[in-house]
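This is what each chain is made of:
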Amino acid sequence: MPEAHIAGIGTHPLGTHDVPERDLATHVTRQASADAGVPLSDIDGVYMPKPRPWTKQKFFSTAFVGYLGLDVTQNLEIYTGGTSGGKAMHSAVADVRSGRLDTALVLAVERDSVVETERYFEYIVSIFDREFGSPFGPSVPGVYAQSLRRYMYEYDVDREDVASIVVKNRENGATTPEGLFDSSTDVESVLGSDVIADPLRLYECPALCDGAAAIVLTSDPVGPRVTGIGHHHPPSHLSGVPDTSMATLPAVGPSVDEAVSDAGTAIEAVDVLEPYAPFPHIEAILTEELGLFERGEGAAACARGETRPDGRIPVSPSGGCIGRGHPAMVTPLLNYVGAVRQIRGTASTQVPDVETVLTTSEHGHVDGMTTTIIEATST
Amino acid sequence: MTDHESGDDTTTDGAEWYTKRFWDALRSGTFLLGSCDTCQDAHFPPAPVCPHCGADADTTAAEGTGTLYSFSRQHRTAPAFDSPITIGTVELAEGPRVLMRIQGAYESLEIGKEVEILVTEYREDYDRGPLSGYPMFAARPE
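So, a few notes on the structure that sits alongside this text. This one's a predicted model, so the numbers in the text were calculated from it and none came from an experiment. (Residues numbered from 1 in each chain as written. Chains lettered and ligands numbered in written order. Predicted model: local features only at pLDDT ≥ 70, side-chain atom pairs only at ≥ 80, totals over all residues. Heavy atoms only, no water.)

**Brief notes about the sheet that holds strand β1 (residues 32-35) of chain B**
All names here are of chain B.
Then comes step 1: Taken together, the three strands give an open sheet; going across it, the order is β2-β1-β3, and neighbouring strands pair in antiparallel fashion. Unpaired on one side and paired on the other, β2 (42-43) and β3 (58-61) mark the two borders of the sheet.
Then comes step 2: Relative to β2, β1 runs antiparallel, the two sharing two bridges. Across the sheet, residue Gly 34 finds its bridge partner in β2, namely His 43. (Pairing = 2+ DSSP bridges. Helix = DSSP H or I, 4+ residues; strand = E, 2+ residues; numbered from the N terminus.)

Below, the structure written as structure tokens:
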């Protein structure tokens, strides 16, 4: 069976961009193609998150294929919120592995600067249950604030330890090439920033922005291999899984188990985590779900430095959602890019001797999660 | 005769707006839960099949009490809603957890507080479509 290798990556700095989505997509695609040494004419599949509803260009992937003159076996646009980029990647990996095609382009583009804040909030309200959720006016931070409150309540978690995750990720992200922030922060500033949804503060919420990223996957044994993919979604929609604590993330275990089993590896072999963790307690709980720390210990472990780049298990050396900036469709691809750079040894916050990286993406309140394991190709 | 022709509203061969019964009941002061004779689990919102065991489900009237499972005071949301608003998750006496507005002073709220479920007039400028004019529900600390 062919394996899927990440031969090339392309990104554009996060920020506010006047350039249309098509041109941002073209820019990162050409970068990834050049990085891979693969001409655009070799691309025979395009896999992408369906661009956000406020993107003016509809049928984006077909317009893009026509514009660049690509001749493809498959083009997909997937939309399940934050996992869309993860699922686009997994679909591409599956098609390369099956031999259906040899060279896939995984592409994501998002411009949040073009949506008015009020319209954005209206969109967010509309992702909740139309009859039983939306009419209350909920927000995404409002839901994550509830799980943070439960997390602190059930495990007596120190509030400052939670904020330390933001400090670590901002420090990591300050030098990331795509990063939105060029400086770190401190616990006092995090806990002194505006309240968004009690008890969540502004610096604990990911910053929306514009961004784009592309990945060239190929069956040629060039570059890091995608060795494991997994996904899980237990019955839930933005309110937790019935009869299960909101301070746990039941999607994580089965998703990770599937990817680890697919890769034929073990969680202990993972050198670096690049998770999709939009709020700090989610990163903490995720590390607990992986069995790296006891329940309720994830935030304290970060405060002790165990998840720093020089710690026992580095988490989000790219800065992740909080430290890098968060165009949600692009974030899963930026996590793959972070993984590739760690394995190549070119990351701005480099962990020594990385061979295996685990990345995730999630949607809703981690209602569903993708896991991807990327490993160095032995030479 | 098919279930549809018999007018049985648990039919599997016709489409219907199943949860309308919840809103009609709420209008007359009853909070309906989904109930299952097979696994005895209650669920919310009511659904034609039990989300726990897959058997055909029915509905039952909730007692209308519960405890505050978690909550947050949101300082900003869509323009149809005043801010700040307190939204929380209530664990009903029958078990299901339900998202709803939480009344009362935010500072007085705490996890585990007992609450009563109220039927409330819906005043927000949010388009509920066919549910326009129907009441909503909220939790009031006891």
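Still more ground to cover, so stick around.
**Here's the deal with the environment of Asp 243 of chain A**
Residues and elements named next belong to chain A.
Then comes step 1: Structurally, the position occupied by Asp 243 is in the loop between β8 (225-232) and α8 (252-263).
Then comes step 2: Judged by its relative accessible area of 64%, Asp 243 falls in the exposed class.
Then comes step 3: The sequence separation of Asp 243 and Ala 339 amounts to 96 residues, and the corresponding C-alpha distance is 35 Å. (Buried < 20%, exposed > 50% of the residue type's maximum accessible area, 1.4 Å probe, protein only.)

**Regarding the packing of helix α6 (residues 159-173) of chain A against helix α9 (residues 280-289) of chain A**
Angle between the axes and distance between the axes: these two values describe a pair of packed helices.
Residues and elements named next belong to chain A.
Then comes step 1: Where α6 meets α9, the closest approach of the two axes is 8 Å, and the angle between their N-to-C directions is 100°. Considering their axes alone, α6 and α9 lie roughly perpendicular with respect to each other. The residues of α9 that touch α6, namely those facing Val 162, Ile 165, Val 166, Lys 168 and Asn 169, are Pro 280, His 281, Glu 283 and Ala 284.
Then comes step 2: Class assignment of the residues belonging to the contact of α6 with α9 gives a composition of five nonpolar, two polar and two charged. (Axes fitted to C-alpha atoms, helices over the stretch in contact; angles between N-to-C directions. Parallel < 35°, antiparallel > 145°, perpendicular 65-115°, else oblique. Contact = heavy atoms within 4.5 Å. Nonpolar A, V, L, I, M, F, W, Y, C, P; charged D, E, K, R; others polar.)

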